[in-house]
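So the chains spell out like this:
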Amino acid sequence: MGKVHERIDERLRAFLLAQHMFFVATAPSGPDGHVNVSPKGIGGSFVVLDDHTVAYVDLTASGAETIAHLRDNGRITLMFCAFEGPPNIVRLHGRGRFVTLYDEGFDELVGMFPETRGARAVVVVDVERVSDSCGYGVPFMDYVGERDLLPPYMERKGVEGQADYRRLKNRTSIDGLPAFDMDPAEASS
C-alpha cells in the first residue's frame with residue numbers, strides 16, 4: 001500500500017500542488033514538549049522548488065510553534081491528503097529552515113507566492129523522505145472556496161500593527177521556546 005519515493009517526481013508534484021490544504025507537524029527536542037500540527041490552506045501558499053526541496057509562505061498568525069521547533073531541531077513533516085479524486089496521502093519528512101521578512105533572500109522567496117499579505121517568513125524544507133500511503137480512510141470533502149480572512153486582517157493591521165501582533169503573540173512557543181522574536185523593539189513614544 002505505502003511506498004517510499006526517491007524524490008518528488010512530476011506525478012507527486014502535480015498531486016501536491018493540486019491539494020487545497022496540507023498539514024505541518026513539528027515537535028521540540030526532548031520528551032516533554034508539545035507536538036504541533038498546523039493546517040495550511042491559503043491557495044498558492046506552497047511551492048515545489050526541486051525534487052528534494054519545497055517551501056511555503058508562513059503568515060503572521062496566533063502562534064509560531066513551527067518556527068520555535070525549527071529553531072530547536074529543524075525536524076518537520078508536511079502531509080497532503082486527497083479529499084477528492086483517487087485516495088492518497090503524501091508525507092514529506094525533512095529538515096526545515098525559515099527566512100524571515102528581515103532576512104536577506106526573503107523578497108526573492110516570497111515573490112514565488114501569489115498571497116503574501118501578513119507574511120512573516122518563508123519555510124523551506126529540505127526533503128529527506130518522500131512517502132505515500134493509500135488514503136483509504138480519508139473522507140471525500142467538497143472544496144467550496146478560500147476563507148478570505150487572515151490576509152485581509154493582517155493587511156488592515158499594517159506593517160507596524162503586524163509587528164505589534166507578533167511581539168504580543170509570537171515571541172515564544174507554548175512550551176516557552178524562542179519563536180518569532182525577530183521584530184525590532186517597539187519604537188518609544
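In the block above lies the structure referred to throughout.
None of these values were measured; they are calculated from a predicted model.

## Considering the environment of Ala119
Part 1: Tracing the chain through its elements places Ala119 in strand β8 (residues 119–133).
Part 2: In this structure Ala119 comes out as buried when scored by relative accessible area, which is 9%.
Part 3: Between the C-alpha atoms of Ala119 and Leu168, which are 49 residues apart in sequence, the distance is 16 Å.

## So, the environment of Leu78
Part 1: Inspection of the secondary structure assignment puts Leu78 in strand β6 (residues 75–81).
Part 2: According to the relative accessible area criterion, Leu78 is buried, its value standing at 0%.
Part 3: Leu78 has contacts with Phe22, Phe23, Val24, Phe46, Val54, Tyr56, Val90, Arg91, Leu92 and Val125, leaving out every residue within four places of it along the chain.

## Describing helix α1 (residues 10–18)
Part 1: Burial in α1 covers these residues: Leu12, Arg13, Phe15 and Leu16. Relative to the axis of α1, the buried residues are bounded by an arc of 165 degrees and lie together on one face.

## Quick look at the pairing of β6
Part 1: Pairing geometry for strand β2 (residues 22–26) and β6, over three bridges, is antiparallel. Bridge pairing in β6 places Ala25 opposite Thr77.
Part 2: Direction of pairing for β6 relative to strand β7 (residues 89–100): antiparallel, over a ladder of seven bridges. Bridge pairing in β7 places Thr77 opposite His93.

The rules behind these values
Sequence positions are assigned chain by chain, starting from 1 and proceeding in written order. Reporting of local features is limited, given that this is a predicted model, to residues whose pLDDT is at least 70; pairs of side-chain atoms are given and counted only at 80 or more, and all residues count toward the totals for whole chains, interfaces and linings. Side-chain numbers here rest on the full set of heavy atoms in the structure, without hydrogens or water. The numbering of helices and of strands both runs from the N terminus, where a helix is a DSSP run of H or I of at least 4 residues and a strand a run of E of at least 2. Only protein chains enter the accessibility calculation, which uses a 1.4 Å probe; a residue is then buried when its area is under 20% of its type maximum, exposed when over 50%, and partly exposed in between. Residues count as neighbours in contact if any of their non-hydrogen atoms are within 4.5 Å of one another. Starting at the helix axis, one direction is taken to each C-beta atom, and the arc is that of these directions. Two strands form a pair only when DSSP identifies at least two bridges running between them.

Everything listed here is a matter of coordinates, which is why it stays silent on function.
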